[in-house]
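Structure assessment
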Amino acid sequence: MFSQFRQDFPTLDTENPPVYLDNACMTLRPKPVIEAIKSYYEQSPGCGGRSVHRYATTVSRKMMDCRKKMAELFNARESNEIIFTKNATHSLNQVAKGLSWEKGDVVLTTDREHNSNLVPWLQLEEEQGIDHRVIKSNDDNTFNLENFENACAEAGSSLKMVSLSHVGNLDGIATPVKEATKIAKDFGALVCIDGAQSTPHMKVDVQDLGIDFMAFSIHKMMGPSGMGGLWGRMDLLEGMRSIQSGGSTVDTSHYDSLTWSKPPARFEGGLGNYAGILGTSAAIDYISKIDLDAVHEHEVSLNRVMTSILKDVNGLRIIGPEDPAQRGGICSILLDNIDAHDIAILLDEAAGVMVRSGMHCVHSWFNAKGIDRGSLRASAYLYNTEDEVKLFADTLVEAVEALG
Ligand SMILES: Cc1ncc(COP(=O)(O)O)c(C=O)c1O
């Protein structure tokens, strides 16, 4: 359905392309993104927002354009609500460590968060005495709204923050963010979402969701490595400390005082990743032209193919609900007696299939379940085809039958 897009991706536009199914980790990049990165070094290698020569003003203008496009994509109220960061981890750390907390303040997350939305809160618990609590999911890993509401009620007026993955990287399950946000707001809490796995695959409207912050990864949206973003409500950003201070973060400084810059500059200390920002701009152009609802449908249809081949095989268990419609493009598989890394290497060597193996930075979930082998995760995107996911699933079945 999206096969015409394959020619845009140099690694797929070859005689013998690999089967790339590690998109939840990082997507491939289309030619316009690569060209935009090159164009920075070849045409305007300047320092945005500082010098006033031609190179620098070109970069400053492109940075403004990029912020504007991102604000439009997520329906932010203004482009200055978009902060360029290194990755979603950086963005979540900025929220956790940039806000002020008191001992006993309650922060809720789910029991299936990426370390990026768990470790900063655990760190605050250790260092500042916040009270981090975990909402238990249903047995099939779907979000339990009742458990969530009860956890909010139990925390009462101590509830200050609810920080939730929008879509889980472990299993592809989406959180009903809008409903959860309504509940959290009744208790006066802030809501932050980890949009690393939602923004590449679905239309995300931050105003419609009613949330306060959203972290996202550009390298999962066909953009450059080392680029991410944070969206925040301007009134909250205005009161937030930067976790990095130095050049750009102040309007002026004296030997004994300073004036902080307004957002977003306050949060973008030091020389920026300008090539990355130009590449991001091209990635946002690219993704904005795609019907993300159709991408989601395509991913689910590929997941149906994988699931139907794998669901009844002895020695395999798919994490999450059996219905692929609830897991998007992610098929994450527990293997009874075989190491997931061994199978991942075998898949690449025997069939040119690239998947992710291990705990996917969701160690807490595996540890709580006593699973020490991790899982094998195939994650599809718009350029993947039915033949590719069939090859993955058939090769996996053969490997499990031979080794299990
Ligand atoms: C759900 C989720 N949150 C956060 C992250 C971290 O993203 P980044 O690598 O951009 O820091 C990832 C990366 O896999 C993720 O899947």
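This report concerns the structure included in the present document. These figures come from a predicted structure and were not determined experimentally. (Residues numbered from 1 in each chain as written. Predicted model: local features only at pLDDT ≥ 70, side-chain atom pairs only at ≥ 80, totals over all residues. Heavy atoms only, no water.)

1. Some words on the packing of aromatic side chains
Keep this limit in mind: Aromatic rings from Phe, Tyr and Trp, taking only the six-membered ring of Trp, are treated as a pair when their centres fall within 6.5 Å; an angle between ring planes under 30 degrees marks them as stacked, one over 60 as edge-to-face, and anything in between as tilted. Remark: exposure states derive from per-residue accessible area (1.4 Å probe, protein chains only) relative to the maximum for the residue type, with buried under 20%, exposed over 50%, and partly exposed in between.
Within the structure shown, the criterion is met by eleven aromatic pairs. Look at Tyr381 and Tyr383: their rings are 5.7 Å apart centre to centre, the planes differ by 90°, and that puts the pair in the edge-to-face class. Here the two residues Tyr381 and Tyr383 agree in accessibility, since each one is buried. Of the aromatic side chains, those joined through ring pairs into one cluster are Phe2, Phe5, Phe9, Tyr286, Tyr381 and Tyr383.

2. As for the site of the ligand
To keep it simple, the criterion reads: The rule for a residue being near a molecule or strand is that one of its heavy atoms must lie within 4 Å of it. Side-chain atoms alone can form a polar contact between residues adjacent in sequence; in general such a contact is a pair of N or O atoms within 3.5 Å, and within protein one must be able to donate a hydrogen while the other accepts it. Working definition of accessibility: Shrake-Rupley area with a 1.4 Å probe, residue cover restricted to the visible protein chains. Throughout, the ten residues Ala, Val, Leu, Ile, Met, Phe, Trp, Tyr, Cys and Pro are labelled nonpolar, Asp, Glu, Lys and Arg are labelled charged, and all others, Gly among them, are labelled polar.
In the region of the ligand, 13 residues are neighbours, and Thr89, Asp194, Gln197, Ser217 and Lys220 sit closest. The contact in question runs from an oxygen atom of the ligand to an N or O atom on the backbone of Ala88, over 2.9 Å. Between the ligand and Ser217, the relevant distance is 2.5 Å, taken from an oxygen atom to a side-chain nitrogen or oxygen of the residue. When isolated, the ligand has an accessible area of 390 Å², and the protein chains bury 90% of it. Residue composition of the shell around the ligand, by class: three nonpolar, eight polar and two charged.

3. Comments concerning the pattern of salt bridges
For clarity, the threshold we go by: Note on definitions: salt bridges are taken to be side-chain nitrogens of Lys or Arg within 4 Å of carboxyl oxygens of Asp or Glu. In this text, helices come from DSSP runs of H or I with a minimum length of four residues, and strands from runs of E with a minimum of two, each type numbered from the N-terminal end.
Per the stated rule, a full pass over the model turns up 15 salt bridges. Note that Asp212 and Lys185 form a salt bridge whose closest N and O atoms lie 2.5 Å from each other. Placement of the pair is Asp212 in the loop between helix H7 (206–209) and strand E7 (213–217) and Lys185 in helix H6 (residues 177–186), with a sequence separation of 27 residues. The class for Asp212 is buried, based on a relative accessible area of 0%. The exposure class assigned to Lys185 is partly exposed, which follows from its relative accessible area of 31%. Among the salt bridges present, the one from Lys390 reaches Glu386, with a minimum N-O distance of 3.7 Å.

4. Regarding the sheet that holds strand E3 (residues 106–110)
Definition in use: Pairing between strands requires that DSSP locate at least two bridges from one strand to the other. Under this scheme, a helix contributes an axis fitted over its contacting stretch, all axes are lines through C-alpha atoms, and angles between N-to-C directions fall in the 0 to 180 degree range. Throughout, a contact is declared for two residues whenever any of their heavy atoms are within 4.5 Å.
Within the open sheet, the seven strands sit side by side as E2-E8-E7-E6-E5-E3-E4. Their pairing is mixed. A single partner strand is all that each edge strand has here, and the edge strands are strand E2 (82–85) and strand E4 (131–135). Taken pair by pair, the neighbouring strands of this sheet meet at an average axis angle of 20°, ignoring direction. As judged from the five bridges shared by E3 and E4, these two strands associate in the parallel manner. Counted as the bridge partner of Thr110 is Ile135 from E4. Running over the sheet, helix H2 (residues 54–74) touches E2 and E7 and is turned about 115° from E2. Sheet contacts for H6: strand E5 (159–165) and strand E6 (190–194); angle to E6, the most-contacted strand, approximately 155°.

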